[in-house]
Structures are given as C-alpha cells and as structure tokens.
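Take a look at the letters that make up each chain.
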Amino acid sequence: MCGIVAGVAQRNIVPSLLEGLKRLEYRGYDSCGVAVLQRGEARRVRTLSRVCTLEADARAIDLDGATGIAHTRWATHGMPVIDNAHPIFSGELIAVVHNGIIENHEQLRQSLRAKGYVFTSQTDTEVIAHLVHEHYCGDILTAVHNATRMLQGAYAIAVMCRDEPGRVIGARQGSPLVVGIGKEGVFLASDTFALAGSAERFIYLEEGDLVDIEGKDVKILDKEGQAVTRREIAFVRHASDAELGAYRHFMQKEIFEQPVAVARTIASVTGRETHQAGMPKPEELAEVTNVVMLGCGTSHYAALTACGWFEHFANVAARAEISSEYRYRDYVSPGNTLVVAVSQSGETADTLAALRYTQSMGEQRTLAICNVAASAMVRQCRWSFITEAGPEVGVASTKAFTTQLVALFMLAIQMGKQRGHVSESEAESYMRQLTALPDAMRNVLAREPEIMAWAEALYQSDHALFLGRGTHYPIALEGALKLKEISYIHAEGYPAGELKHGPLALVTDAMPVIVTAPNDALLHKLKSNMEEVRARGGRLFVLADSDTGLTVESGMRLIHMPAWFGALSPVLHVVALQLLAYHVACLRGTDIDKPRNLAKSVTVE
Ligand code: F6R
C-alpha cells in the first residue's frame, strides 16, 4: 500500500526521504515521488519506476531542500501514470502526499471545478491539494484543518506550502501516521520502519489528529483543533531487521527467523519478563461461550486453524470470518462472544471495519492478536496479544503467521484451563510442547534441500492442488496462497474429503497435488484421498510425519517431516510449504518480496 515520508531537517532532507521510501518499498507500489522547497519554489520528481530511479532523477536535477514530502503510490483512484503519482500539487503553492481513499472526492471535485480549479490527475488526492489551496490565507495549519473537515473517508496526509519553508503539516483519519524525532530533523511517516534510519523517538497520532512540524517544534491538535499531548515512545530497532544479511530475499530470511520469532512469542507470556500487559485475565474470559475471529488472507487462515483448537481444548464454539465479508453481513450474536481481530499489521482496513462493526453491535470483549503494538487494531481493542515476529518486510506473510498460531494456541489452552477442559498437568504438557516447537521448526527448515528438489519438479506447472484435513486444511489453503502470490502459479487448497465432490475432475498427470499428512486421527481417511489421486494418475507430493508409516509408491514423492507434533503440527507443516513456494518462485524468477499487484498492510477497502 501507499507510503508517506515527509519532514523538516536541519540539512538537505532528500537523502532521508529517499531512504525512508526504500524502507517502505516492501509495502508494494507502482509509482513514487519526492518534492522539496528549494530557493522559493516547490520542486518535485516522480517516476513509475523504482525508488533507486527516483534517487538518480533527484540527483540529476540537484533536488536539495530542508523541507520535503515523499510517497510510494499503490494505485486506487486512477492508473499508475506519472500525472497520478504523488506529490500532487495545487498550482505552485501547495504539495500533498496522501494514503487512503476520499469517499466524497467526486462531489468535492465538482465544487472545486466550479470555482475554477483545473484537475491534472485522476486522483482523489488532488481534491485535497486544491481544498487546502482554497482555504489558504497565509497559515498552512489552518488551511489543512479547514480542508480536512470537508473530507469523508480515510486519509493520512503530509502537506507543505511554497510560502512556508521549514513547515510540514500532517493529518490522519483512518490511515496510520507517525511523527519521528531525530537528531537531524522531525519527520512524518506511515510507519516507524520508514524512519528507522532518521528518528529515535516516535509519536503515534490518534484518529483525527493534526500535526504541525515547524523546524524542530512539534505541535499536535485533536480534531476539534485543541492542542493535545500524545505519548512519545523511544524506539530500539535491531539493525538486522532491515537488512538481508546472507539471505537472497526477505521472505527467505523471515522463514528462517521463525524459530526465534516463535520462541520470543512464547517467552512473552511464559518468560521471566512477560510483556503482554494487554492480555485478558483468565477470569475475564470466564463467561465467553463463543469466539469469532476476524482476519484477511493469511491471518484468516491462522484463525481458521485455531477454530479446531478452541473447539478441542476449550469446548467453545469458534468461527473464523473473512473480514471483508463479515463487515457487511447481518449481525447475529449468540451473546458472550469474544471477538478476536487477527492481523500482522493491525491496520488492515477490512479487519478494522469488521471489528468496529462488532463493537457497534455491542460487543465489548475484543482482543487484537497483532504484530504491531501501536497499531490501530491494538488501540481499538480492549485486550491485545502482541506477537513477537519482529518487522515483516516480505509481502508474503510467514513469521507473522506462525507467531499468530502460537498466540491463538496459548489463548485456546488458557480458555480450556479456565473452563475446566484442560487440567493443570495437561496445560503444563502443552506448554512443554510449545517450548520444543522452535527446535522442531529448525528440523523442518533442515529439509530445505529436499523441498528444493520438489520445487524443481513443480516450477513449470500451471496449476497445483493442496490437500489437508482437520487443522491441516487451513494449512493447505495457506500453502496454496503462498504459492500463487509469489510464483503466480494457479493453486487451490481443499479439504481432502472434498476432492470427490468436484476438484477430482482436475486431476491428471499434469496436476501436482501437494498433501500435508500429519500422523493424526484422520490419517487413514487422508490415505484414501491420496489413493483417489493416484488412481487418476495425479502427481502426489506428500509431506508426511515420520511416524505415519507412509512410504514412497509410484506416482508419489515423499518428504518425511519430524514425528507427529500433536496439535501444533500445523505450525511445522506450514514452514515446509512456505519454503516450497519460495523455491518455486526463485526458479520462476519472480519478484518474491514484492509480488505483482500486491501490497503489505492493506489500508484501503
Ligand atoms: C499473504 C498476506 C496477506 C495478509 C492479509 C492480512 O501472504 O500477507 O494475505 O495476511 O493482507 O494482513 P494483516 O495480517 O496485516 O491484517
């Protein structure tokens, strides 16, 4: 999704803005641009290419100024063409960068046209630029305040005015915006990651806030225009988060970081220094009789996996709902519901909206399982569980998923204990199993050479089927999602028992069928499903626990996983499927960390 970097520095700000844009590249974009105030004018460069091209273009025209705004755009209104790339200007006076969608842009456009404004782009952002221009009477803060009052929809903006060098105004409503304070300047960005190189202290703006950055001074106003103080947070980032090190791609790095990320997430609850202050106390969940989990994409699949855990361990009804659908459904609550928003970013527009929808219907027990502590979802929920995956840069979610699974598993066990379905000694045994999980994941990662051999056999396929049963069905869905999003091979995940109800018609010797086969109670059923494939000449690729007794037969490839890992088995199998997708994509030469058309942190509907 779009990214913003802006600010006022004590020197040329262009290198900081460009470095910030590079850090935002992981979010996905199709154009980018930067503008600064230089010798009494607003100057900009924009490109449909990468930030490194923008950097060369900026150098070529000697772009140099202490006040600037910059942007990576992921097209929503208007094609990815130069005229639609940000910064968007209103005349030569006002420059704006914007994330989000202005819902009443058409109506505002008409009224601005009637007043003589000429539109040069198809963006909703140009409406903001002209509105600020229209309201400008010598004070850019007042102009932005009055202009934003007319906007409906979601926005995070940074605005500068040719006549007020040394000043940048920011505003947010429904899209994240953070102020970063560094030794050499004060900055604005859509996430802290963008400012890791320039700022040490951060202030997260609240909904409706405006911020006035003037030189080194920061003034924040709430939506009524009253000065307010927001908490400042010191930020410690490990250099390794933003660097590839020995890896070829962030996705690969993040797959291999999973044992450590999972161990950190477990320790955040069980370790000596727990930092899950926002978690519900066991007694606060005593009356919960059902769980509704909201999520999109991979986060939805984490929720889907956890349904089985809530049912099994806590004997509580559990549903995983796709946020973009749920937010528009009629609301039926059986009462005493725990609403769980599952999200890596905590900013996904559909999940936020679905969460707010449940709250508007009276739900008060809300919990965010989120990887970003300061995100909108965490702030919106009564409780939170912060996964400790660390920043996830690859667009395809990997370590966020496995840490979400761990968080959901711990919640299910805790609820099971509270409800008398899991005894103290059983809970301890599950915790021991959790503690052993990182090493078991390392064991799976060590199978990379075998998985690479599968990738060789698969990468020229046009389609693939992924099969699983029980808690491994969502893992089949996730395996298919990973493969399609980064390799562009068409892939479908199915519960294996559904095969004969339709998808079996697709099975030929040209159809690879990838099976996740744990040694659980459904194994013998799954074996029959695999036979159905083999009998039709399908090419089976089976990830089987070492204690399944499965051996290679004709028409079948087999990778032996560690012995069955009980209820946590999905966490192991998904690691193998992530590696498979990754190596297939490597062989196909795709842009793995920034797959086409996709964005990280989907902050628009
Ligand atoms: C897939 C992927 C997406 C996200 C989805 C939700 O690899 O990353 O499907 O899982 O966009 O994002 P979050 O978890 O940030 O709410």
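The structure presented is a predicted model; accordingly, all values stated were derived computationally and were not measured. Here, residues in each chain are numbered from 1, in the same order as that chain's written sequence. Where totals are concerned, whole chains, interfaces and linings use all residues; where local detail is concerned, this predicted model gives features only for residues with pLDDT of at least 70, and gives and counts side-chain atom pairs only at 80 or more. To get the side-chain values, all heavy atoms of the structure are used, and hydrogens and water are removed first.

## Here we look at the UniProt feature "domain: SIS" (unreviewed entry) in the protein
Logical step 1: UniProt positions are given in the numbering used here, feature names are shortened, and annotations may be inferred rather than shown by experiment. As annotated by UniProt and renumbered to match this structure, "domain: SIS" (unreviewed entry) occupies residues 281-421 and 454-595.
Logical step 2: A helix fraction of 42% and a strand fraction of 20% characterise residues 281-421, whose end C-alpha atoms lie 17 Å from each other.
Logical step 3: Between the end C-alpha atoms of residues 454-595 there is a gap of 22 Å, over a span that is 37% helix and 22% strand. In this text, helices come from DSSP runs of H or I with a minimum length of four residues, and strands from runs of E with a minimum of two, each type numbered from the N-terminal end.

## Things to note about the packing of aromatic side chains
Logical step 1: Centres within 6.5 Å make a pair out of two Phe, Tyr or Trp rings, where for Trp the six-membered ring is used; the pair is then stacked when the planes are under 30 degrees apart, edge-to-face when over 60, and tilted otherwise. Here the structure, examined in full by the defined rule, presents eight aromatic pairs.
Logical step 2: Aromatic side chains F313 and Y430 sit 4.8 Å apart centroid to centroid with 70° between the ring planes, which places their arrangement in the edge-to-face category. One end of the pair, F313, is in helix α8 (residues 297-314); the other, Y430, is in helix α13 (residues 424-445), with 117 residues separating them in the sequence. Y430 matches F313 in its accessibility class, with the two residues each being buried.
Logical step 3: Arranged with centres 6.3 Å apart and planes meeting at 85°, the rings of F409 and Y430 form a pair that is edge-to-face. Of this pair, F409 sits in helix α12 (residues 399-418) while Y430 sits in helix α13, and the two are 21 residues apart along the sequence.
Logical step 4: Between buried and exposed lies partly exposed: a residue is buried under 20% and exposed over 50% of the maximum accessible area for its type, with that area taken using a 1.4 Å probe on protein chains only. Residue class for F409 comes out buried when judged on its relative accessible area of 0%.

## A closer look at the UniProt feature "domain: Glutamine amidotransferase type-2" (unreviewed entry) in the protein
Logical step 1: If you check UniProt for "domain: Glutamine amidotransferase type-2" (unreviewed entry), the listed places come out as residues 2-216 in our numbering.
Logical step 2: Structurally, residues 2-216 comprises 24% helix and 35% strand, and the distance from its first C-alpha atom to its last is 26 Å.

## A closer look at the sheet that holds strand β9 (residues 178-182)
Logical step 1: Only strands that DSSP links by at least two bridges are regarded as paired with each other. The eight strands are arranged β3-β2-β4-β1-β10-β9-β11-β15 in an open sheet whose pairing can be described as antiparallel. Of all strands in the sheet, those with a lone pairing partner are β3 (41-47) and β15 (232-234), marking the two edges. Adjacent strand axes in the sheet meet at a mean angle of 20°, parallel and antiparallel pairs treated alike.
Logical step 2: As judged from the six bridges shared by strand β1 (residues 3-9) and strand β4 (residues 67-73), these two strands associate in the antiparallel manner. Each residue of the ladder has a partner; that of I4, found in β4, is H71.
Logical step 3: Lying over the sheet, helix α2 (residues 51-60) contacts β2 (31-38), β3 and β4, oriented at roughly 140° with respect to β3. Orientation is described by lines fitted to C-alpha atoms, with helices fitted over the stretch in contact, and by angles between N-to-C directions that extend from 0 to 180 degrees. Here, residues are in contact when the closest pair of their heavy atoms is within 4.5 Å.

## A short note on helix α3 (residues 105-114)
Logical step 1: Taken together, the buried positions of α3 are occupied by H105, L108, R109 and L112. For α3, the angular spread of buried residues about the axis comes to 105°, placing them on one side. More than 90 degrees from the buried face of α3, the exposed residues found are Q107, Q110 and A114.
Logical step 2: If you follow the buried residues of α3, they end up packed against β6 (94-102) and α4 (125-135). The arc in question is the one spanned by the directions pointing from the helix axis to the C-beta atoms.

## A closer look at the site of the ligand
Logical step 1: If even one non-hydrogen atom of a residue comes within 4 Å of a molecule or strand, that residue is called near it. By nearness alone, 13 residues border the ligand, and S299, S343, Q344, T348 and E485 come closest of all.
Logical step 2: Polar contact is defined as a pair of N or O atoms within 3.5 Å, subject to the rule that within protein one atom must be able to donate a hydrogen and the other to accept it, and that residues adjacent in sequence are counted only when both atoms are side-chain atoms. Interatomic distance of 3.2 Å between a backbone N/O atom of V395 and an oxygen atom of the ligand.
Logical step 3: At 2.9 Å from an oxygen atom of the ligand is found a main-chain nitrogen or oxygen belonging to S397.
Logical step 4: With residues, only the protein chains shown are counted as cover, and all accessible areas are computed by Shrake-Rupley using a 1.4 Å probe. Contact with the protein chains hides 87% of the accessible area of the ligand, taken as 400 Å² for the molecule alone.
Logical step 5: A 1.4 Å probe that fits into a set of points on a 1 Å grid over the protein atoms alone but cannot get out defines a cavity; an open set with protein on both sides within 12 Å along at least five of seven lines defines a pocket, and lining residues are those with an atom within 4 Å of a point. Each molecule is checked against the cavity or pocket grid, and it sits inside if more than half of its atoms lie within 2 Å of the grid points. When each cavity is represented as a set of grid points, the ligand is found to reside in the second largest pocket.
Logical step 6: For the shell around the ligand, the secondary-structure elements that each account for two or more residues are α8 and α15 (473-487).
Logical step 7: Only Asp, Glu, Lys and Arg are considered charged in this grouping, and only Ala, Val, Leu, Ile, Met, Phe, Trp, Tyr, Cys and Pro are considered nonpolar; every other residue, Gly among them, is considered polar. Residue composition of the shell around the ligand, grouped by class: three nonpolar, eight polar and two charged.

## Some details on the domain arrangement of the protein
Logical step 1: Residue ranges labeled as domains rest on an automatic or database domain assignment. The domain boundaries assigned to the protein delineate domain 1 (3-237), domain 2 (251-441) and domain 3 (448-588).
Logical step 2: Facing nine residues of domain 1, the contacting portion of domain 2 comprises eight residues.
Logical step 3: By convention in these notes, a salt bridge is any Lys or Arg side-chain nitrogen within 4 Å of a carboxyl oxygen on Asp or Glu. The interface formed by domain 1 and domain 2 contains zero salt bridges.
Logical step 4: Put simply, domain 1 and domain 2 have zero residue pairs in polar contact (both at pLDDT 80 or more) between them.
Logical step 5: Of the residues that constitute the side of domain 1 that touches domain 2, the class distribution is five nonpolar, no polar and four charged.

## Things to note about the pairing of strand β21 (residues 463-468)
Note on strand geometry: in a regular strand, side chains alternate between the two faces of the sheet.
Logical step 1: Of all six residues making up β21, five are buried, and the element is well covered by its neighbours.
Logical step 2: Relative to strand β22 (residues 490-495), β21 runs parallel, the two sharing six bridges. Bridged to F466 within β22 is G493.
Logical step 3: Looking down the strands as they point away from you, a crossover is right-handed if its path from the first strand over the helix to the second goes clockwise. A crossover links β21 with its parallel partner β22, the connecting element being α15, and its sense is right-handed.
Logical step 4: Relative to strand β23 (residues 512-517), β21 runs parallel, the two being bridged by three bridges.

## Notes on the pairing of strand β17 (residues 317-322)
Logical step 1: Here strand β16 (residues 290-295) pairs with β17 via six bridges, running parallel. Each residue of the ladder has a partner; that of V291, found in β17, is A318.
Logical step 2: Following the chain from β16 across α8 to the adjacent parallel β17, one finds a crossover that is right-handed.

## Focus: the nonpolar core
Among soluble globular proteins, nonpolar side chains are generally buried collectively.
Logical step 1: Counting 85 residues, the largest nonpolar core has V291, M293, F310, L338, M415 and L437 as the members making the most contacts within it.
Logical step 2: It is helix α17 (residues 569-588) that provides the largest number of residues to this core, a total of 13 residues.
Logical step 3: Split by domain, this core shows at least three residues from each of two domains, domain 2 (251-441) and domain 3 (448-588).
Logical step 4: If near-sequence neighbours (up to four positions away) are discounted, M293 is found in contact with A303, A306, C307, F310, A318, R319, A320, E321, V340 and L408.
Logical step 5: Put simply, a nonpolar core is a bunch of buried Ala, Val, Leu, Ile, Met, Phe, Trp, Tyr and Cys residues held in one set by side-chain atoms that sit within 4.5 Å of each other. By size, the runner-up hydrophobic cluster in this structure holds 29 residues, among which are I94, A129, V144 and C161.

## Regarding the layout of surface pockets
Logical step 1: One number sums up the size of the second largest pocket: a volume of about 550 Å³.
Logical step 2: Around the second largest pocket sit 25 residues that line it, and C296, G297, T298, A599 and V602 are the ones nearest its centre.
Logical step 3: The set of elements that each furnish at least two residues to the lining of the second largest pocket consists of α8, β18 (337-343), α10 (349-360) and α15.
Logical step 4: In the lining of the second largest pocket, the residues fall into nine nonpolar, eleven polar and five charged.
Logical step 5: If you count residues domain by domain, the lining of the second largest pocket takes at least three from each of domain 2 (251-441) and domain 3 (448-588). Grid points are joined across faces, edges and corners, and a volume is the space filled by probe spheres set on the points.

## Some points on α8
Logical step 1: Helix span is expected to be 1.5 Å times the residue number reduced by one. For α8, which comprises 18 residues, the first-to-last C-alpha distance of 25 Å matches the rise-based estimate of 26 Å (1.5 Å per residue) to within 8%.
Logical step 2: One axis fitted to the seven residues ending at a residue, another fitted to the seven starting there: the angle between these axes is the bend at that residue. Along α8, the largest kink reaches about 25° and is centred on A306.
Logical step 3: With respect to burial, α8 is a largely interior element, 13 of its 18 residues being buried.
Logical step 4: Of the residues one or two after α8, N315 is the one with positive phi, at around 50°.

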